[in-house]
Amino acid sequence: MRRFLRFAALAAALLALLAIGAFLYLRQSLPRIDGEARLAGLAAPVEVLRDRYGIPHIFAASLEDASFALGYVHAQDRLWQMEVNRRLGAGRLAEVVGAGALETDRFLRTLGVRRAAEANLKSLDAETLRLLEAYAAGVNAFLASDPVLPPEFWLTGARPEPWTPVDSVAWTKMMAWDLGGNWKNELLRMRLASALPLERIHQFVAPYPGEAPPQIVDLKELYGTLERDAVRLAEFAPDNEGLGSNNWVLSGARTASGKPLLANDPHLGLTAPPVWYFAHLAAPGVNVIGATLPGVPAVVLGRNDRIAWGFTNTGPDVQDLYIEKLDAAGGYLAPEGPRAFETIEETIRVKDGAPEKLRVRVSRHGPVISDVLRPAQELAPRGYVIAFAWTALANDDRTAQAAVKIARAHDWEGFLAAARDFHTPQQNMVYADTAGNIGFVAAGRIPVRKPANDLKGLAPAPGWLAKYDWDGYLPFDELPRSFNPASGALVTANHRITPEGYPHFISAEWQPPYRAERIRALLDAVPRHSVPSFARIQGDVVSLAMRELLPRLLATRPRSEEARRVLAMLAKWDGAMAAGQAEPLIAWGWWRELTRALYADELGAAFRPNWLARAVFVSRVLSGDASHAPWCDDARTPARETCEELLALSLEAALADLKSRHGARISDWRWGEAHAARHEHRPLGRQPLLARLFDIRAPSPGDAYTVNVGRNNFYDEAEPFANRHAASLRAIYDLADPESSLYIHSGGQSGNLLSPHYDAFTAAWARNEYIPMRTARTTLDAERHHLLRLLPLK
C-alpha cells in the first residue's frame, strides 16, 4: 500500500509539474507589449501604446504603416479568432474540427463567399488594395516571428497560414451574412403554403404594426404547380435570424453642451472573444478610434477629430430564392430557353478523414443551395433545385473600401461620398460633426423588383419567369436620407425608416418599433441631454412588448393557487426586465410555453427553427380579433381550444418548467441568472468541459425588445432564456469634446484565455458602464501604459 501511495504521489507530482510547465509555456503566447520588434514590410518606425484596458494606440508615419501595425496587433491578440473567421468564410472548418463541420463547409463553399471576395479585389481602388496588402503583411510579420501559439491551436492541432487580402474581404461578407436577409422567411412561407391559406401565413409572419399585409400571389396556387415535395425543402433552412441595433443622434439644440451627441449599440451574437476589437490609428491625415473587426484593416464604427458615426442594420430584402426547373440535358430553364449551369469543383479536406469532392452548380441567379443541404438532397423533388441570389455575391462589391474613406471624412459631403461605396449589408448610418451637423443615410445596395413581380421577394420565385428577376439596384441618391432635421433628432432601431410615400421597396419585414418608440420617449422626456442621460437610455430595460402583452396575460383565469399568486406578482410589475427580479423570468417562461401552444401544431417539423417570441403576432392573437382565433385551437385534437384555455394551460406548463430549472421557491428565481449573457467560444464552446474554460458569462437584464437588448433562443432546451444576442458594443460620442466620448464592448481586448484582458470588460458591460475613448498622446502618456516600437528590418 505504501508503495502504491508513493507511486500515486509521484504521478500526481509529475502531472502537476507538467501542468505548470504547459501553463508557463502557453503564457509565452501572450503578446509582447514593450520594447522593440524589427519587422519586414514597414517603411518607418511605428509606436504601439497599449493603455490599461489593452487598447492599442498606433502612431505611424503613414496610413499603410498604421494598417501594417493594426494587422500585427490583431494577430498578437486575436490570432485564433482570425483563423476561425478566415476558415468560416472559406468553408474550411472541417480541416480543423473534423467531419462535424462538413455541412457548414459544403454550404459556404457552395455559397461562394471567398470566390466573391476574390472577384471584389478587382473592383477596389489602389489605396484600398495597398492598405489590405499592408495589413496582411503586418499579420504575416507576426507569424514570421515564430510565436508560441494560443491554447486553441494546441488543442485542435491547427496552424495558421499566411494572411491575404482575400481573407479580409471575405470576413466583411460573413458579417453581411449575419445581417442581411429574409431567405429563411421565404422558405417558411413556402413550407406553410402547403397547409395554410395566404391570410394565415400573413398573420404568422406578421406585417409591420399599422400596415396591411403585402399583396402577393396566392402561394398555394403557385407552388401547386410544382411536385408536392418541393415544399419540403423549406424545413431545412439553417437558422439565420436577422439581428438588430440602436443608434440615435441629437443636434446641439437638444443637448446641454450645444453640440451633437451620438449613441450606437449594434446587437450581434455574443462570442468569446467578442466580435469587436478597439483600436486607435494616428497617421498623417487621419486620427480615428473605435471598433475594428479582427481580420479587417479599418475602424468600422467610431470617430475621428471632426465626425462620429454609428450603424444599425436596415433589415433590407437583399436575398431571394429561385426555384430552377431542370431540363433533360442537365441544365435549367431560363426565360429565353435552356441554359447550362456554371460548375465549380471543390475539395474539402477533413481532419482525420478522407477529402470530399464537391461540385457546385451556379445558375444565372446564384449558387444552387439545395445541392448541399443534406436533408434537402434526400427530399428534393425531381426536376427542380433552389438557387440563391444575394447582393454580397456581386463581383463589384466595394464595401471594403468604404470604411477607409469614412475614417478620413471631415464633413457630411465626405461621409456621403464614402458611404456610396458601402454596398453590403445595408446600414442605417447616423452622423454628427463638431460643426453641429447631424445626418442619416441608409447606405447599401437594394435590388429593384419589377412591377410585375407578385412575390416581392417574400417567397421562392419560379426562376424561368423573367418577371421575378432583379432589375438593377436603387440609385444611391434615392436611398432614405436626412440632414439636420427640424426635430433635432434621428433614431434608428431596425424599425421602418422609410417616410410616408417613399416610392421604393426596401423591405416588408422591418423589426417591430418597440425599441425605437422607447428611445424616442426617453429622448423627449429630457429637455437637454448629456452623456450620462444617453448612458441611461442605453441601459434602459423597460420592455414595451411585455407591457403590451401584460394586460392580456393578467386576464387569465388561474387553474391553481400557485398561478393565482404568480398573477398577483405580475400585476404589480412594470415590465422592466431587471436582472434581480423573478417577474421577467415568469413572464418569459409563460411567453415561451404560449408560443409553443399557439403554433407548434401548424408548423410541424418547421416549428423548432422558427420558434421565436413573435411579439406582434402573439399580441394580435390575444387581442380578441376573430380572424386570429384559430391559432388558439390545437389542430391535432378534435376539440376546439380557446385562447383563454391556452393562456391558463401555458402558465401552468411554464411554472412546471421553471421549477424544474430553477427550484421550487419562486422568490429565489432571478432573471439575470437565467438570462446570463453567454459569449460562446468558436468552436470550443460546444464541448461542455472546454466551454467552462473558454466561454464568458455574466448575469444580464433586458429582453429581445428592450433598448438594452438581450435576445434568448426559445428552441434551446438546455438554456432557453440565456442571453445570446445583445449589445456587442456601446458607444456615446460627444461632439462638444470628442475626448469625452465613451465606449465598451462585451468581452475583452484579448482572445487569449491566459490574458487578464480576456473578459476584462464583461462585468462592466453587464452593468452598463463605460471606459474613456481617448486619442490625445499627452493624456495617454500620462497614464499607465505599455509601449512597443515596431522598426523596419535593417
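Definitions and cut-offs
- Residue numbers run consecutively from 1 along every chain, following the written order of its sequence.
- Restriction of local features to residues with pLDDT of at least 70 applies here, the model being predicted, together with a cutoff of 80 or more for giving and counting side-chain atom pairs; totals for whole chains, interfaces and linings are based on all residues.
- With hydrogens and water stripped out, all remaining heavy atoms of the structure feed into the side-chain values.
- When DSSP finds two or more bridges between two strands, those strands count as paired.
- Secondary structure elements follow DSSP: runs of H or I no shorter than four residues count as helices, runs of E no shorter than two count as strands, and numbering proceeds from the N terminus.
- Disulfides are defined as cysteine sulfur pairs within 2.5 Å.
- Burial status follows relative accessibility: with a 1.4 Å probe on protein chains alone, a residue under 20% of its type maximum counts as buried, one over 50% as exposed, and anything between as partly exposed.
- What is meant by a nonpolar core is a set of buried Ala, Val, Leu, Ile, Met, Phe, Trp, Tyr and Cys residues, joined one to another through side-chain atoms within 4.5 Å.
- By definition in these notes, contact holds between two residues if any of their heavy atoms fall within 4.5 Å.
- Working definition: rings of Phe, Tyr and Trp (its six-membered ring) pair if their centres are within 6.5 Å, and the pair is stacked with planes under 30 degrees apart, edge-to-face with planes over 60 apart, and tilted otherwise.
- By definition, being over a ring means that NZ of Lys or CZ of Arg is both within 6 Å of the ring centre and within 35 degrees of the ring normal.
- Side-chain atoms alone can form a polar contact between residues adjacent in sequence; in general such a contact is a pair of N or O atoms within 3.5 Å, and within protein one must be able to donate a hydrogen while the other accepts it.

Novice: Is there a simple way to explain the sheet that holds strand β6 (residues 271–272) in this structure?
Specialist: Backbone-to-backbone hydrogen bonds pair the strands of a sheet. The strands run either parallel or antiparallel. Taken in spatial order, the three strands line up as β6-β24-β25 in an open sheet, and their pairing is mixed. Every interior strand has two partners, whereas the edge strands, β6 and β25 (696–698), have only one.

Novice: Teacher, can you tell me more about the state of the cysteines here?
Specialist: Covalently bonding the sulfur atom of one cysteine to the sulfur atom of another cysteine gives a disulfide. Counting across every chain of the model gives one disulfide. Across the disulfide from C632 sits C643; the S-S distance is 2.0 Å. Between C632 and C643, the S-S dihedral sits near 90 degrees, and the bridge is therefore right-handed. On the criterion of sequence distance, the pair formed by C632 in the loop between α20 (615–621) and α21 (643–662) and C643 in helix α21 is long-range, its members being 11 residues apart. Residue C632 is classed as buried on the basis of its relative accessible area, which comes to 1%.

Novice: What is the right way to look at the nonpolar core in this model?
Specialist: What tends to happen in soluble globular proteins is that the nonpolar side chains get buried as a cluster. Judged by nonpolar contacts, the single largest core of 241 residues is most densely connected at W390, F415, W588, W591, L598 and L790. In terms of residues, this core owes the most to one element, helix α2 (residues 63–90), which gives 13 residues. Beyond its immediate chain neighbours, meaning those up to four positions away, L598 contacts F617, V618, V621, W631, C632 and L646. Counting residues in hydrophobic clusters, the runner-up holds five residues, among them A272, F694, I696 and Y758.

Novice: So what exactly am I meant to see when it comes to the packing of aromatic side chains here?
Specialist: Considering all chains together, one arrives at 34 aromatic pairs under this definition. Through pairs of rings, three or more aromatic residues link up here, namely F204, Y514, W588, W591, Y599, F607, W611, F617, W631, Y705 and F714. Sitting above the plane of the W154 ring, R159 keeps its charged end 4.5 Å from the centroid. Lying across the ring of F341, R361 places its NZ or CZ 4.9 Å from the centre.

Novice: Just to check I follow, could you spell out helix α4 (residues 102–111) for this structure?
Specialist: It helps to recall that an α-helix has 3.6 residues per turn; residues three or four apart then point in one direction. Across the 10 residues that make up α4, a large majority, eight, are buried. Where α4 terminates, the next one or two residues include G112, which has phi positive at roughly 85 degrees.

Novice: Sorry if this is basic, but what is going on with the side chain of R449 here?
Specialist: If you trace the backbone, R449 turns up in strand β19 (residues 447–449). R449 sits in the buried class, given a relative accessible area of 12%. A distance of 3.1 Å separates the side chain of R449 from the side chain of D320, its partner in a polar contact. The contact partners of R449, leaving out residues within four places of it in the chain, are D317, Q319, D320, K456, G457, W470 and F505.

Everything listed is a geometric property; what it means functionally is a separate question.
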